[in-house]
Amino acid sequence: MTDSKYFTTTKKGEIFELKAELNSDKKEKKKEAVKKVIASMTVGKDVSALFPDVVNCMQTDNLELKKLVYLYLMNYAKSQPDMAIMAVNTFVKDCEDPNPLIRALAVRTMGCIRVDKITEYLCEPLRKCLKDEDPYVRKTAAVCVAKLHDINAQLVEDQGFLDTLKDLISDSNPMVVANAVAALSEIAESHPSSNLLDLNPQSINKLLTALNECTEWGQIFILDCLANYTPKDDREAQSICERVTPRLSHANSAVVLSAVKVLMKFMEMLSKDLDYYGTLLKKLAPPLVTLLSAEPELQYVALRNINLIVQKRPEILKHEMKVFFVKYNDPIYVKLEKLDIMIRLASQANIAQVLAELKEYATEVDVDFVRKAVRAIGRCAIKVEQSAERCVSTLLDLIQTKVNYVVQEAIVVIKDIFRKYPNKYESVIATLCENLDSLDEPEARAAMIWIVGEYAERIDNADELLESFLEGFHDESTQVQLQLLTAIVKLFLKKPTETQELVQQVLSLATQDSDNPDLRDRGYIYWRLLSTDPVAAKEVVLAEKPLISEETDLIEPTLLDELICYIGTLASVYHKPPSAFVEGGRGVVHKSLPPRTASSESTESPETAPAGAPPGEQPDVIPAQGDLLGDLLNLDLGPPVSGPPLTTSSVQMGAVDLLGGGLDSLIGDNNFGAPPAAAVPARVGAPIGSGLSDLFDLTSGVGTLSGSYVAPKAVWLPAMKAKGLEISGTFTRQVGSISMDLQLTNKALQVMTDFAIQFNRNSFGLAPAAPLQVHAPLSPNQTVEISLPLNTVGSVMKMEPLNNLQVAVKNNIDVFYFSTLYPLHVLFVEDGKMDRQMFLATWKDIPNENEAQFQIRDCPLNAETASSKLQSSNIFTIAKRNVEGQDMLYQSLKLTNGIWVLAELRIQPGNPSFTLSLKCRAPEVSQHVYQAYETILKN
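Since this is a predicted model, take the numbers as computed values, not measurements.

Within the chain, the secondary structure is distributed over 38 helices and 13 strands. In the chain, buried positions account for 52% of the 939 residues. In the structure as shown, the chain presents an accessible area of about 43,100 Å², 51% of it carried by carbon and sulfur atoms.

Those residues of helix α30 (residues 534-541) that sit buried are Pro 534, Ala 537 and Val 541. Axial view of α30: buried residues confined to an arc of 50 degrees, hence all on one face.

This part takes up the sheet that holds strand β7 (residues 804-810). The three strands are arranged β4-β7-β8 in an open sheet whose pairing can be described as antiparallel. The open sheet has two edge strands, β4 (756-759) and β8 (815-821), and neither has a second partner. Neighbour-to-neighbour, the strand axes of this sheet turn through a mean angle of 25 degrees, independent of strand direction. Across four bridges, the pairing between β4 and β7 is antiparallel. Counterpart to Gln 758 in the pairing with β7 is Ala 808.

This paragraph deals with the pattern of salt bridges. For the structure shown, the criterion picks out 33 salt bridges. The shortest N-O distance in the salt bridge between Glu 457 and Lys 494 comes to 3.0 Å. Note that Glu 457 is positioned in the loop between α25 (442-454) and α26 (462-470) and Lys 494 in helix α27 (residues 478-494), a separation of 37 residues in sequence. If you follow the salt bridges from partner to partner, you end up with Arg 371, Arg 375, Glu 409, Glu 441 and Glu 443 in one network.

Our next topic: the sheet that holds strand β11 (residues 886-894). Taken together, the five strands give an open sheet; going across it, the order is β9-β13-β12-β11-β10, and neighbouring strands pair in antiparallel fashion. The sheet terminates laterally at β9 (851-856) and β10 (876-883), the two strands that pair on one side only. Between one strand axis and the next, the sheet turns by 20 degrees as a mean value, whatever way the strands run. Sheet topology places β11 next to strand β12 (residues 900-907); eight bridges connect them, and they run antiparallel. Paired with Tyr 890 across the strands is Glu 904, a residue of β12. Contacting β9, β10, β11, β12 and β13 (914-920), helix α36 (residues 836-845) crosses the sheet at an angle of about 90 degrees to β12.

Mapping Asn 746 onto the fold places it in strand β3 (residues 737-746). Among the polar contacts made by the side chain of Asn 746, one reaches the main-chain amide nitrogen of Ala 748 at a distance of 2.8 Å. Within the structure, Asn 746 has its side chain in polar contact with the backbone oxygen of Gln 750 (distance 2.9 Å).

The geometry of an aromatic ring pair comes down to the distance between the two centres and the angle between the two planes. Taken as a whole and judged by the stated rule, the model has 11 aromatic pairs. Centre to centre, the rings of Tyr 361 and Phe 369 are 5.2 Å apart; their planes meet at 40 degrees, and the pair counts as tilted. Chaining the aromatic ring pairs together yields one cluster made of Trp 716, Phe 731, Phe 818 and Tyr 822. Looking at Lys 335, its charged tip hangs above the ring of Phe 369, at a distance of 5.2 Å from the centre.

Definitions and cut-offs
Residues numbered from 1 in each chain as written. Predicted model: local features only at pLDDT ≥ 70, side-chain atom pairs only at ≥ 80, totals over all residues. Heavy atoms only, no water. Helix = DSSP H or I, 4+ residues; strand = E, 2+ residues; numbered from the N terminus. Buried < 20%, exposed > 50% of the residue type's maximum accessible area, 1.4 Å probe, protein only. Areas by Shrake-Rupley, 256 points an atom, 1.4 Å probe, with all protein chains shown as cover. Arc of directions from axis to C-beta. Pairing = 2+ DSSP bridges. Axes fitted to C-alpha atoms, helices over the stretch in contact; angles between N-to-C directions. Salt bridge = Lys/Arg side-chain N within 4 Å of Asp/Glu carboxyl O. Contact = heavy atoms within 4.5 Å. Polar contact = N/O pair within 3.5 Å; in protein donor to acceptor, adjacent residues only side chain to side chain. Phe/Tyr/Trp six-rings, centres within 6.5 Å; stacked < 30°, edge-to-face > 60°. Lys NZ or Arg CZ within 6 Å of the ring centre and 35° of its normal.

In structure tokens:
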């Protein structure tokens, strides 16, 4: 009968029965009882009350019973540490048992009992087992050292176990070697600074010898260890590659991927002129192809790894295109991954095959897959110039199917093809315009509008087409609105006489009726350009566009090199470095490929350069979404513009008729006046001047120098506590000056005079920069408002909480004391915008334990609005990017005492909760900076 009977329903009062059975003289009854205890423990019952009785059963020669008791011990030793000590003697005795299985079992269990009191008793038996004559005991003891190191690292170092582990690398038994390597690697990962695995050619030779005889898991440990070694020259690299290559034919896919990782890494050091280099490339293809015949989950992992390999060395799989063709029964995640690799391998030689496949896929039933297939056709056109014509005709055939989502994807990719090959395929525009009404997705609508605006001179009814989009302008997404604004301005510059009203209408909609700052700003810029210098407007708006590069989704090279070092791990599936998803960053070491040796530096072979790019030229790369911080230097953000301050003459320009007069040279007559009355709301004073005021007028209090957010005044000192004097106040920061805005009210029956103020020492040295001046005596029931300028050169003392300020106010009646909390954002200085390179270096330099994460809830803003709100309070956005649908803002701010705070603000469109990560060398300010963020964003 099987052991399942022990898991059947149990009855009450069982603990007492088990107690009796455990103390029985009959061995069989004892064993039955222990099995019942283990079954109860497994299903979550508390059987810790039987601890002493189970421990008594340890004194037995029966291996099965011993295993069961040890299992119980591992589970309950933590909750009963005092009782667990009773078992120590038996462990020590078992470590000297003649049976090696029992010796190994004892040392394994001792390693699993994570109780500090027991670890010191463990050292002696462990030392004996590490030198045991039986290899099974030695390999178990090696792993036990890693477990013990996790509980008490200092003890392991003091007892010299690490040196013994290093000696085991030279052991005669391959399994002992593998476990010693695994234990040392584990310890080295948690202590990156310690140079435990000090590998040299001799120890590498021993590892390679053991590699052939280990189990599959042992081989993986050894291969991972080899991957961390840097050979001294290309000859050593080649010799290691030769001895690792046989692992490529292993049945276990993990061993294959670990071997591929070692070879990919060491190939960096081999010269491409070597015959061996070519041989190695040929040997790498078959094992990778074989992985694709496994079950779908393994295929997916293999494909994610192959994706990296193909980006690094496309020549490995350039002849294997057919294995990436999609099968009808592949799951969607495998299909999409195969599609991605097909594009990466597409070249002039195989493009006909690839296009035939992609056209087939575009008629499938799975919508996501069809969309990706249509995009893939566009990517092929951009990647392989010779195929562009064939791709365009394939896309036109697909548009004729009139399947809505196919048509929309096709229009999006045709826009990119126009960008890559201008003045070549514009004959298809008529076909595209026929499908205008069926477009309902923002990306497709935006692409179509771009095409109409860009080629307006070739489309007779371009103005009608764009006007049809303008009817529901406010219902469109931002992407479409921005594209429509640009397209109509382009159309106006090409056909000025016919489209005056249209351009006025769109500029009015964008600037007067829109809440979106991006749209408003772009509208004002176009308006201003058109009104002041139409020739310049033409040069700016209709300028030659740079050709788009092909592979826009390549992983950024340094990240790719790091990910190659992590082939076969989770990082290679996520395409992100471990630091991006490992909590706390413990044990995460940034890896990189070895530098090329002098003899291996030769020019790239023509086939490694992507098709369409000259051999020496790498395509422009958009940084990957891998590294959450990313390489900020590659982001498409210009340097901060520092121009001369705007003068009054430039402010008044806003009030002139922005579209009149200045366009003579374009239109040829003067009848193009100010915007129609309907376009200017009644509340606006000057026709456009006030519409532009928030962009150009620095005196309105809303413009660039508007200063940071000011909290409403609060009562700091009630009249009851100050003999009739009530003080309310708030803190402000305007153009670099901090002030305390006070409201003094006399609620007493006598006049108040002789006011003075003093601050106690505080965390940031805040102090009055001038005396408190109340110019006239304060009569009963009279209120006076005073702005007291502050500086930060006072005495400093750390307060609790950090932003606490203790104040004394004196008048002719008495001295009164109160304390208040100042908002930290009044201390954010105007020069807090950090240089991008500096930001990246500082973020990496500040330790991970200094990072704090907060949630800002109920904040329904988009990234642009949040960024401009924060900027007005001197929190500067250095870079913005979109990662998997989330907007990431990277920001910096600087406090008056020179402390820098770096921030990453994650905004998920449609989700009112933001995630704020702060890094700072003085982590105690993070909580207050978070409060400042919350205050600014919510007000």
